[in-house]
Amino acid sequence: RVHGQMKHEFFDWINDQHLRLSLLLRQHGALLFRNVGITSAQDFSRLCQYFSDGKRDYVDGISPRTAIEGAEGVFTSTEYPARLDMALHNEMSYNITPPNKIAFFCETAPQPGTGQTPIASSAEILEKMNPDIRKKFTEKGVCYIVNSPSRGCGPGVCWQSMYGTESRSEVESLCRSINVKCEFQSDGSLRTIRVAPGTRKHPITQQEVWFNHAHLFHPTDLPKETQEALKQLYPSTESYPKYALFGDKSEINEEDLNSIRSVLKNSQIVFDWKRGDVLILDNYVMCHGRNAFDPATKPSRKILASLLK
């Protein structure tokens, strides 16, 4: 069948079955659509509408992303350096209201064996976690510190892009509304400090799951040479581009973080992307990551994403 006919039939089927599929998504945490005629960001955006009460913006997001023109609520997946793996995480776990779902569309597939989006059950991760570590994160939560440069004044996502405004007063108002302490620094940068839970309960099923970004905000996630460079560049860990402590401001030790990373790594499910794939995740049931790839290989990996309410 030609793609146009396949796509038409697929959307007819989705229209009839999306409620049942939504229940399956909540139960299993992931749906993968393959060879269904989805070929563009616009098709992807249309499909996402069936699994959402609306698109969620990326305000307060820390990763660099680019919005896709002409496709509502669609942007590039993380532009984190391609040569590095990104560990499993639940999208925007540090935010007061994380997205309920996240969807991915493979516009250009990476080379087989690279650039995958591993996934894992957040409930299983919590179950496997060392009981002492689980207790600390459950009782203390996680304190996240982010230092965002002003536009054109340093590495990382500038605060103007992060909060979608050039107005400091609007940023301050928005931060107050999401329980984030914000401080503009003398160099024009913005420091935000917040405490979020280490685990959360699914908003519908109330199942408790592992749900935090501590392992990604902590500098031990970075290569050793980068860790040493940070020590030389910044006067204190509070000045790092991002940093994580326990909610009571005590340090998270490296041994615990490595144990967490080991559990995450040993829990993941990995598959190779195929062009046209759409993966929809319940953001509480399933976490996701990104495996490294070679950006010089052509055609280069291009995965689009959409956050769903």
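This structure is a prediction, so every number in the text was calculated from the model and none was measured. (Residues numbered from 1 in each chain as written. Predicted model: local features only at pLDDT ≥ 70, side-chain atom pairs only at ≥ 80, totals over all residues. Heavy atoms only, no water.)

Visitor: Let's hear about the sheet that holds strand E6 (residues 119–121): which residues, and what values?
Guide: The strands making up a sheet associate through backbone hydrogen bonding, with each pair oriented either parallel or antiparallel. The three strands are arranged E4-E14-E6 in an open sheet whose pairing can be described as antiparallel. Each edge of the open sheet is held by one strand with a lone partner, namely strand E4 (86–89) and E6. Neighbour-to-neighbour, the strand axes of this sheet turn through a mean angle of 15 degrees, independent of strand direction. As defined by bridge partners, E4 adjoins strand E14 (residues 286–290) across two bridges and the pair is classed as antiparallel. (Pairing = 2+ DSSP bridges. Helix = DSSP H or I, 4+ residues; strand = E, 2+ residues; numbered from the N terminus. Axes fitted to C-alpha atoms, helices over the stretch in contact; angles between N-to-C directions.)

Visitor: Break down the sheet that holds strand E8 (residues 181–184) for me, with residues and values.
Guide: The four strands lie next to each other as E8-E9-E7-E12, forming an open sheet whose pairing is antiparallel. The open sheet has two edge strands, E8 and strand E12 (242–246), and neither has a second partner. Averaged over all neighbouring strand pairs, the angle between strand axes comes to 15 degrees, with direction disregarded. Relative to E12, strand E7 (residues 142–148) runs antiparallel, the two sharing five bridges. Counterpart to Val-146 in the pairing with E12 is Lys-242. In this fold helix H4 (residues 131–140) packs onto E7, strand E9 (190–196) and E12, with an angle of close to 100 degrees to the strand it touches most, E12. Running at roughly 160 degrees to E8, helix H6 (residues 168–177) makes contact with E8 and E9 of the sheet. (Contact = heavy atoms within 4.5 Å.)

Visitor: Talk me through the packing of aromatic side chains; I want residue IDs and the actual numbers.
Guide: Evaluation of the coordinates by the stated rule reveals 17 aromatic pairs. Look at Phe-33 and Phe-51: their rings are 6.1 Å apart centre to centre, the planes differ by 50 degrees, and that puts the pair in the tilted class. Of this pair, Phe-33 sits in strand E1 (residues 30–33) while Phe-51 sits in the loop between helix H2 (41–48) and strand E2 (55–56), and the two are 18 residues apart along the sequence. For the pair Phe-33 and Phe-51, a shared accessibility class is recorded, and that class is buried. Aromatic side chains Phe-271 and Trp-273 sit 5.5 Å apart centroid to centroid with 65 degrees between the ring planes, which places their arrangement in the edge-to-face category. Of the two residues, Phe-271 and Trp-273, both sit in the buried class. Each member of the aromatic cluster is reached from another via a ring pair, and the members are Phe-10, Phe-11, Trp-13, Phe-33, Tyr-50 and Phe-51. (Phe/Tyr/Trp six-rings, centres within 6.5 Å; stacked < 30°, edge-to-face > 60°. Buried < 20%, exposed > 50% of the residue type's maximum accessible area, 1.4 Å probe, protein only.)

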